[in-house]
Amino acid sequence: MTSDTLISSGLDGVVAARTRLSQVDGDAGELIIAGFPVGDLAAHATFEETTWLLWHGDLPTGAELESFRADLAAHRELPPATVAVLRECAGARIDPMDALRIALGTVSLVSTEAVAIVALAPAIVAAYARLLEGLTPVAPRADLGHAANYLYMLTGVEPDAERVRALETYLNTVIDHGLNASTFTCRVIISTGSDLVSAIVGAVGALKGPLHGGAPGPALETVFKIGEAARAEGVLRAKIEAGERLMGFGHRVYKVRDPRADVLAAAAERLFTRAGDMRLYALARHVERTALALLDEYKAGRRLKTNVEFYTALLLHGLGLDVPLFTPTFAISRASGWIAHAIEQRAANRLIRPTSEYVGPRGRRWQAHAGIAG
Ligand code: ACO
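Cut-off values and rules
Residues numbered from 1 in each chain as written. Predicted model: local features only at pLDDT ≥ 70, side-chain atom pairs only at ≥ 80, totals over all residues. Heavy atoms only, no water. Helix = DSSP H or I, 4+ residues; strand = E, 2+ residues; numbered from the N terminus. Buried < 20%, exposed > 50% of the residue type's maximum accessible area, 1.4 Å probe, protein only. Contact = heavy atoms within 4.5 Å. Areas by Shrake-Rupley, 256 points an atom, 1.4 Å probe, with all protein chains shown as cover. Lys, Arg positive; Asp, Glu negative; His and termini not counted. Charge placed at Lys NZ, Arg CZ, Asp CG, Glu CD. Expected span 1.5 Å × (residues − 1). Pairing = 2+ DSSP bridges. Near = heavy atom within 4 Å. Polar contact = N/O pair within 3.5 Å; in protein donor to acceptor, adjacent residues only side chain to side chain. Nonpolar A, V, L, I, M, F, W, Y, C, P; charged D, E, K, R; others polar. Arc of directions from axis to C-beta. Axes fitted to C-alpha atoms, helices over the stretch in contact; angles between N-to-C directions. Parallel < 35°, antiparallel > 145°, perpendicular 65-115°, else oblique. Core = buried A, V, L, I, M, F, W, Y, C linked by side-chain atoms within 4.5 Å. Phe/Tyr/Trp six-rings, centres within 6.5 Å; stacked < 30°, edge-to-face > 60°.

A count of helical and extended segments in the protein gives 16 helices and three strands. When the backbone C-alpha atoms are referred to their principal axes, the protein occupies close to 75 × 55 × 45 Å. The proportion of buried residues among the 374 residues of the protein is 48%. Residue pairs in contact within the protein that sit at least 24 positions apart in sequence constitute 75% of those at least 6 positions apart. By element, 53% of the accessible surface of the protein is carried by carbon and sulfur atoms, the whole surface being about 18,000 Å². Counting 38 positive and 41 negative side-chain charges, the protein places the averaged centre of each group 7 Å from the other.

Below, the structure written as C-alpha cells:
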C-alpha cells in the first residue's frame, strides 16, 4: 500500500454489492423497493406482501400469500427459554433493543429459518414491553396479520384497521434501504458462511446506534421538550450552538428530503387527523421547518434535510408506542430486509474482507522486561 492509497473511512461512495432489493438515489430523493417507488408500495401492500417481494423478487400470488401468512402465524409462539431470558432482562431493566438482541439469539434453540426470525421478532418486542410494565405477555393470534398481531400482543386489544394500515405503511417504508450500516453488517456476517440468526443479531447491534436507527426517540423528545411553537427556534439554536446534532435530520446518502419522511408524514397526518393529537402534529411540522431553516443557516452547503426518523417518531407515538420501542419496531421491519440481503449475498457470495492501512510503529524488538521472572 502506498502513501497515496485512497482511504474511505466511512466507505462513502464505495460500491460493495449488487442488489435487486432497493435503490437509494440521494440526489433525486428517490427510494425504489424491488421496482416500486416507496410511497406506492408502502401505502398499499401488507408487510407480508413486501417481505415476500424482497425474498422472492415478485409479489406473491393469492395462494402464496395465504400460505406465507399461515407460515408466519405458525411461528409466533415464543419458546419458553426466550420468555425466561426476557424475564431476566426485564428484571435487570435492560434496554428493549438489547433485550431484542439477547432474545433473538435464543431463536437458534427452535429454528434458524428466516420465517421464524421474522415471526418471532415482534413477539419478542411485544412480550418484553409488557414484562417491563409488570404485565403478562399476550399470546399471539394466528388469525391476525403480522402488523395487527404485533399491536395486539403489545396491548391485548385487537387494533382497528386504521392503526394496522399506519403500521403496515411504516414497516413497508423502512424494510430496506440499500447498503446501510446494519444491512452491511448482516452481509459481512453471511459472507463468512455464518448463519441467519447470527447475522440478524449482529445487524440489530448495528441498528441500535443513534447515528443509525436510534434517532427517532431523541427526535420526539426534542419535540416534547420544545412543547410549543414559540420555543422551537430558541431550543434548536441552542442545541446547534452547543455542537449537538438535531436528531431526525441529515443523511449520509440523501442530500434532499428523505422520501421515506414524506410517506410517513402523510401516514402520520392521516392517523393524527382521525384519532390523534393534531396539536402535536402541527408542532412537529413547525419544529421541522425551524430545524431546516437553522441547519441551512449554520451548516450552509451541507444539505441537511429531514430524514426518516423524524416522522417515524411521530407515527409510532400516534400508534401508542413508547419511545424505547421505536428502534425495536424498526428492527422488526428491517429483519425482513436483512434476510433478503442474506439470501442475495449467499446466492453470489464472496467473503467481504476489505484491507486497512497500517499506521502504527515499526521496528520494535522484543526484550525481556526487568522484574519479570527469568
Ligand atoms: N444536526 C446538526 N449538524 C449535523 C447533523 C444534524 N443532524 N448532521 C450532520 N451535521 C453536520 C456535522 O456536524 C458536520 O458539520 P461540520 O462539518 O461543521 O462538522 C456536517 O454536517 C457533516 O456531517 P457528517 O457527520 O460528515 O455527515 P454524515 O454523512 O456522517 O452524517 C448522519 C449522517 C450520521 C445521519 C448525521 O446527519 C446525523 O448525525 N444525523 C442525526 C442523527 C440521525 O438523525 N440519524 C438517523 C439517520 S437515518 C437512518 O439511519 C435510518
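After that view, the rundown keeps rolling.
For the rest of this paragraph, the subject is helix α8 (residues 161-173). Along its 13 residues, α8 runs 18 Å from first to last C-alpha, staying within 8% of the 18 Å computed at 1.5 Å per residue. Among the residues of α8, those classed as buried are V164, A166, L167, E168, T169, Y170, L171, N172 and T173.

Further remarks concern the sheet that holds strand β3 (residues 36-37). Here we have three strands laid out as an open sheet, ordered β1-β2-β3, and antiparallel in their pairing. With one partner strand each, in any of the chains shown, β1 (22-25) and β3 form the two edges of the open sheet. Pairing between strand β2 (residues 30-33) and β3: two bridges, direction antiparallel. Bridging across to β3, I33 finds its partner in F36.

This paragraph deals with the environment of A81. The topology assignment puts A81 in helix α4 (residues 80-91). Remark: the alpha-carbon pair of A81 and V107, spanning 26 residues in sequence, is separated by 9.1 Å.

The immediate surroundings of the ligand are formed by 20 residues, with R245, L246, F249, R252 and R302 found nearest. Taking G248, its main chain carries an N or O atom lying 2.9 Å from an oxygen atom of the ligand. Within the side chain of R302, an N or O atom sits 2.3 Å from an oxygen atom of the ligand. In the complex, 78% of the free accessible area of the ligand, which totals 920 Å², lies under the protein chains. Of the residues assigned to the shell around the ligand, the class counts are ten nonpolar, five polar and five charged.

The pairing of β1 with β2 spans four bridges and is classified as antiparallel. Of the residues in β2, the one forming a bridge with Q23 is I32. In this structure, the hairpin formed by β1 and β2 is closed by a connection of four residues, where G29 is found at a positive phi of approximately 70°.

Attention shifts here to helix α12 (residues 232-241). Within α12, burial applies to A232, V235, L236, K239 and I240. The buried residues of α12 occupy an angular sector of 130° when the element is viewed end-on, so they sit on one face. Considering only its buried residues, α12 is in contact with α11 (216-226) and α14 (278-298). Of the residues flanking the end of α12, it is G243, one or two places downstream, whose phi is positive at about 85°.

Where α8 contacts helix α13 (residues 259-275), the two axes come as close as 10 Å, and the packing angle between them is 170°. Comparing the axis directions of α8 and α13 gives the class roughly antiparallel. The segment α8 lies against α13, with E162, R163, A166, T169, Y170 and T173 engaging R260, V263, L264, A267, R270, L271 and R274. Class assignment of the residues belonging to the contact of α8 with α13 gives a composition of six nonpolar, two polar and five charged.

Moving on to the side chain of T50. Mapped onto the elements, T50 comes out in helix α2 (residues 47-56). By relative accessible area, T50 is classed as buried at 0%. Filtering out sequence-adjacent residues up to four positions away, T50 remains in contact with L41, A45, N172 and I175.

Counting 113 residues, the largest nonpolar core has L86, L104, L167, Y170, L314, L321 and W338 as the members making the most contacts within it. At 16 residues, helix α6 (residues 114-132) tops the list of elements feeding residues into this core. Non-local contacts of Y170, meaning those with residues more than four positions away in its chain, are made with L264, T312, L315, L316, F326, T329 and F330.

What follows deals with the packing of α6 against helix α16 (residues 326-347). Running from N to C, α6 and α16 cross one another at 175°; their axes reach a closest spacing of 9 Å. Viewed along their axes, α6 and α16 adopt a mutual orientation that is roughly antiparallel. Facing α6, whose interface residues are A114, I117, V118, A121, P122 and V125, α16 presents P328, I332, S336 and I339. Here the contact of α6 with α16 is built from residues that sort into nine nonpolar, one polar and no charged.

So, about the packing of aromatic side chains. Scanning all chains against the criterion turns up five aromatic pairs. Taking the centre distance of 5.5 Å and the plane angle of 65° together, the rings of W52 and F68 count as edge-to-face. Separated by 16 residues along the polypeptide, W52 in helix α2 and F68 in helix α3 (residues 62-74) bring together distant segments of the chain. F68 matches W52 in its accessibility class, with the two residues each being buried. Ring centres of F310 and Y311 lie 5.1 Å apart, and the angle between their planes is 80°; this geometry places the pair in the edge-to-face category.

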